[in-house]
Amino acid sequence: MYLSTIGSPPPSSDGTTGPQRSRRRWRFVGGNVLALGTVSLITDVSAEMVTAVLPLYLVVGLQLSPAAYGVLDGLNTGATALLRVVGGYVADRVDRRKAVAGAGYGLSALAKLGLVAVGNSVTSIGLVLAADRTGKGLRTAPRDALITLSAPEHSLGRAFGVHRAMDSFGAFTGPLVALAVLTAAGQSFDAVFVTSFSLAALGVLVLLLFVRDHRQPRPPAGTVSPRAVAMLLRQVPVRRLIGAACLLGLATVGDGFVYLLLQRRESLSIGWFPLLAVGTSLSYLLLAAPLGALADRIGRVPVLLGGYGVLALVYVLLTGPLEGPVLLVVVLFLYGLFYAATEGTLMALAGPVLPERLRTTGIALIQSGQALAYLGSSVLFGLAWQTWGTRTASLGASIAVIIAGLATALLLTVRRPGERTSSPS
C-alpha cells in the first residue's frame, strides 16, 4: 500500500456511513488500548514529576551552558536509539511484546530511585537519565505495536489519539504532583524522586494485570531474522517513513529549550517553570483524540504536516513581537497542538505499512531514526544558542522545520514512475 493512500480511511464494508459510522468507530479503540493508555498515564505522572524541573535545575542550578545542556539532552534521547531496535527485534522474535515493554517500564521506575543516590554530580545524573531513557527505548516500540494490533486499521488514528490523550493527562498532572510534594516535603527533591518511583511501580503493576499480549503460533523459521529485517528495509514505503522520521527529528528542538527560552524572555520565577509543561500537556490532552479522529477522516499525512507547520510558528513566536501572558498562552497551546497532531499520527501511518510479524521492529526503526536525528538537533541548537543567541537559533529552527516538512511531503505523497504501491506483507 502506498503511503499517500494510507492517510485516508478505506470505504466502509458494513453499509454504514457518515455520523453512524463515526460513532461505531469509537468503539473499536478497545479495552487493550485503554489499558495501555492507563499505564502510560501513570508512568507519565511519574516521569514528568522529574523532567518538569530538570532543565532549570541543570542550567540554572548546576550552571550548565546551553551547549552542554544540548549534548546531555540529546544523548538522553538519541543514545538509546540502537537499543530501541534491539528491543523491537527481540519482542518480535520471541513474540512477547508485553514482556519487553514491561522490562522497559521497570527499568525506568528503578532509575527514579537512582536519582536519590547520585546527588549533584552531572555525570551521575547523566547516567541515571540514560538508564531512564533506555527503559523508554525498550518499551515504546512494543507498546505502540500492541496498539496497532489492538485496533482495526481504519481506527488507528483514533486509537493512538486516545492513547496519547491519556498519556498527556499524565504529563499534565505530573508537574502539579511534583509541586505538591515539594511543598509538603519542604522542597525536598528526594521526596519527589521516591514518589515518582512509587507511581512508576504502580504503572508496571497495571501493565502486568490488565494489558493483554498478542501472541500467535510460532512463525516459520526466518520470518523474524536479520535477513527479514534487511528485506523490510528494502521496501520503499518503509524507507520513506524512516527518512521522514529522521528529517522531522532533525528539525525538532527539545522541550527543555522551548521552556528555557520562554522563562528567560518573560523572566519567570523558578516556581512557575514546571507549569510551562502543564500548559503544553493540557493542550495536548484536549486535542489528541479529536486530531486522531481527524487524521482518520481526512488523511494522516496532512495532519502530520500541519502539526509541523504549527511547530515552525512556535519557534518564530519565541522571538516575535508577542510578550507577557498572551505569548505564554499562545505558545503553550500551539506546542500542545503540535504534539497532538504528530506524535501518534506517525505511528498510525506506520501500522498499515509494516507486516505484523515485524511490526515492533519496524516501529523501532522509525523511532530510532527520529531519536538519532533528535540527538543532532539538540546539539546543534545548543551550539547555535551559545554562538549566535536565542533569536538566530530560534529562527534557524523554524526554517529547518519548514524545509523538513516540505521534504517529508515529497517523501510521503509523491510516487516515482514504476514504483510499487503494495505494502510489505
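Keep in mind that this is a model prediction, so the values were computed, not measured.

*Asks:* Which residues make up the overall build of the protein, and what are the values?
*Replies:* Each helix and strand in the protein was counted, giving 18 helices and 0 strands. The 425 residues of the protein split such that 56% are buried. Counted over contacts in the protein with a minimum sequence separation of 6, partners at least 24 positions apart contribute 86%. Surface exposure of the protein reaches about 17,300 Å², of which carbon and sulfur atoms provide 67%.

*Asks:* Provide a residue-level description of helix α14 (residues 274-298), including the pertinent values.
*Replies:* Because the α-helix completes a turn every 3.6 residues, residues three or four places apart line up on one side. Compared with an ideal rise of 1.5 Å per residue, which puts 25 residues at 36 Å, α14 spans 35 Å between its outermost C-alpha atoms and is within 8% of the ideal. Its axis deflected by about 40° at L287, α14 carries its strongest bend there, up to four residues before the proline P290. Note on α14: the residue one or two positions beyond its end, G299, has a positive phi of about 120°.

*Asks:* Which residues make up the confidence of the model for the protein, and what are the values?
*Replies:* Overall, the predicted model of the protein reaches an average pLDDT of 81, with 84% of residues at or above 70. Of all secondary-structure elements in the protein, the lowest mean pLDDT belongs to helix α1 (residues 3-6), at 37, while helix α15 (residues 300-317) reaches the highest, 95. For residues 1-23, every residue scores under 50 in pLDDT, and the model assigns this stretch 47 contacts once sequence neighbours within four places are set aside. Here residues 420-425 is a poorly scored stretch, pLDDT under 50, and it has 15 contacts once near neighbours within four places are set aside; other chains count.

*Asks:* Quick rundown of the environment of L375? Include the residues and the values.
*Replies:* Looking at the element boundaries, L375 is found in helix α17 (residues 359-388). L375 gets classed as partly exposed once you look at its relative accessible area, which sits at 22%. Along the backbone, L375 and V253 are 122 residues apart, and their C-alpha atoms lie at a distance of 9.5 Å.

*Asks:* Which residues make up the side chain of S150, and what values do they have?
*Replies:* Among the secondary structure elements, S150 is positioned in helix α8 (residues 122-150). A polar side-chain atom of S150 sits 2.6 Å from the main-chain carbonyl oxygen of L146.

*Asks:* If you had to explain the pattern of salt bridges to someone new, which residues and values would you point to?
*Replies:* For side chains of opposite charge, pairing can occur when their charged atoms come near one another. In total, this model carries 7 salt bridges according to the counting rule given. A salt bridge links D132 to R133; the shortest N-O distance between them is 2.7 Å. Taking relative accessible area as the criterion, D132 reaches 9% and is therefore assigned buried. Connected through shared salt-bridge partners, R143, D144, R164 and E343 make up one network.

What counts and how
Residues numbered from 1 in each chain as written. Predicted model: local features only at pLDDT ≥ 70, side-chain atom pairs only at ≥ 80, totals over all residues. Heavy atoms only, no water. Helix = DSSP H or I, 4+ residues; strand = E, 2+ residues; numbered from the N terminus. Buried < 20%, exposed > 50% of the residue type's maximum accessible area, 1.4 Å probe, protein only. Contact = heavy atoms within 4.5 Å. Areas by Shrake-Rupley, 256 points an atom, 1.4 Å probe, with all protein chains shown as cover. Expected span 1.5 Å × (residues − 1). Bend = angle between axes of the 7 residues up to and from the residue. pLDDT = per-residue confidence, 0-100. Polar contact = N/O pair within 3.5 Å; in protein donor to acceptor, adjacent residues only side chain to side chain. Salt bridge = Lys/Arg side-chain N within 4 Å of Asp/Glu carboxyl O.

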